[in-house]
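One-letter residues, chain by chain:
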Amino acid sequence: MKHLPTQNSAVAQILLAWYDQQGRSLPWRGLRNPYAIWLSEIILQQTRVEQGLPYWQRFLRELPTLDDLARAEPEVVKGLWSGLGYYRRADLLHRAAKHLVEHGWPSGYEMWRGVPGVGPYTAGALASILDGEPVPALDGNAYRVYARLSDWRSPIDSAASKAFIAEFAGARMPAQRPGDFNQAIMDLAQALCVPRKPRCPSCPISDFCLARQNGSAEGLPTKVRNPKVRAESWHFAVAHKDGQFGLVQRPASGIWSGLFAPVQLDSAPNGLEPEVVTHRLSHRALTLNMYRVSEGFADFTHWMTPEEWRSRGMPQAFVHWMTKFTYI
Ligand code: SF4
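Computed from a predicted model, the values in this text were never measured in an experiment.

Calculation criteria
- Residues numbered from 1 in each chain as written.
- Predicted model: local features only at pLDDT ≥ 70, side-chain atom pairs only at ≥ 80, totals over all residues.
- Heavy atoms only, no water.
- Helix = DSSP H or I, 4+ residues; strand = E, 2+ residues; numbered from the N terminus.
- Core = buried A, V, L, I, M, F, W, Y, C linked by side-chain atoms within 4.5 Å.
- Buried < 20%, exposed > 50% of the residue type's maximum accessible area, 1.4 Å probe, protein only.
- Domains from an automatic or database assignment.
- Contact = heavy atoms within 4.5 Å.
- 1 Å grid on protein atoms, 1.4 Å probe; cavity = no way out; pocket = protein on both sides within 12 Å on 5 of 7 lines; lining within 4 Å.
- Points joined across faces, edges and corners; volume = space filled by probe spheres on them.
- Nonpolar A, V, L, I, M, F, W, Y, C, P; charged D, E, K, R; others polar.

Undergrad: Which residues make up the overall build of the chain, and what values go with them?
TA: From N to C terminus, the chain includes 14 helices and 8 strands. C-alpha atoms of the chain, sized along the principal axes, occupy 75 × 45 × 30 Å.

In structure tokens, the structure reads:
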């Protein structure tokens, strides 16, 4: 059994050959347009490709250049983002566009880290794809692949493990085609090196995988703990007249910042039965209690049809409620 070689290794050549044959065919791959590529990376943060792809296409159709995005009204950007969730990312995208117009496209990992909304993973992806810099792009999928390749058994969510994987991966980045190499790792994670029951017999680099050699692949990576999920119950007043819903704009900070929502109440109003829907956020399990009230019940500052509301960015929790109770 071979050990995983280091820089410019056979592993890179084998994996890149596999990627050329079997990598996913995605419309932004092979483009040289930094705007289209940056947009794809931002949209795909915490989002599946199938879900993000139509949004990427819609942004490019409606706002085809970086200048168009930077100059767009915030409501337009939120509207294009509507339905993707994590609306803070839409704000960051808009801020980043203005930053990029002002400062120009970055060159290299460190400069990318200075762009709003670009964390370590995205900076690695963009620097390797656009600038040819041999830096790894490490998200949960890549950590899984590298933890298995190196048979790293310590909990992956510790600082020491992250430092080890960053060093291990960094030493194995090829000087040629580093962007394709990072994307090949992603495709391997998605197609073969899956969380449960990795398909090692089909894996092109199984000869170099220490976890495969030691029979530990399926149990890796290990984790210290699951983040605690807090259960919360929230109450909202819903006024409805002539096909429109009474709404207010949420504060500029906090959950659903700047978006429109029914009026949130401190507690359940007396004598009213709610329409109940549950919604999961990263660390919260929300129960939304929606109470039908008259239009004078609260100060509803905006009235919108469901279509108008969606076009201005309807939080996903309310999409669930409206779907469940057939308002949309
Ligand atoms: S051999 Fe198995 S565990 Fe190792 S990288 Fe390939 S799919 Fe993942």
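Undergrad: An account of the nonpolar core is needed here, citing residue identities and associated values.
TA: If you look at the biggest cluster of nonpolar residues, it comprises 59 residues, and the most contacted ones within it are Trp-38, Phe-59, Phe-318 and Trp-321. Considering every element that reaches this core, the biggest residue donor is helix α2 (residues 34-43), with 7 residues. Shared between two domains, this core holds at least three residues of each, these being domain 1 (10-137 + 159-193) and domain 2 (230-324). Once residues lying within four places of it in the same chain are set aside, the contact partners of Phe-318 are Phe-236, Trp-256, Ala-261, Pro-262, Leu-288, Met-290 and Trp-309. Core analysis: the second largest hydrophobic core is formed by 34 residues, Tyr-146, Met-186, Ala-211 and Leu-220 among them.

Undergrad: Could you give me a rundown of the environment of Phe-181, with the residues and numbers involved?
TA: Among the secondary structure elements, Phe-181 is positioned in helix α11 (residues 178-191). What makes Phe-181 buried here is its relative accessible area of 2%. Along the chain, Phe-181 and Cys-203 lie 22 residues apart, while their C-alpha atoms are 15 Å from each other. Residues within four places of Phe-181 in sequence aside, it is in contact with Ala-12, Leu-15, Leu-16, Tyr-146, Arg-172, Met-173 and Pro-174.

Undergrad: Hey, could you go over empty space enclosed by the protein for me, with residue numbers and the actual values?
TA: Under the definition given, this model contains 2 cavities of 30 Å³ or more. Lining of the largest cavity is provided by 15 residues; of these, Cys-193, Pro-198, Cys-200, Cys-203 and Cys-209 occupy positions nearest its centre. In terms of residue count, the dominant contributor to the lining of the largest cavity is helix α9 (residues 140-149) (3 residues). Taken as a whole, the second largest cavity encloses approximately 50 Å³ of empty space. In terms of lining residues, the second largest cavity is bounded by 10 residues, among which Val-11, Tyr-146, Leu-149, Arg-172 and Phe-181 are the most central. Of all elements in the fold, only α1 (10-22), α9 and α11 reach the threshold of two or more residues within the lining of the second largest cavity. Residues of the lining of the second largest cavity, tallied by class, amount to 8 nonpolar, 1 polar and 1 charged.

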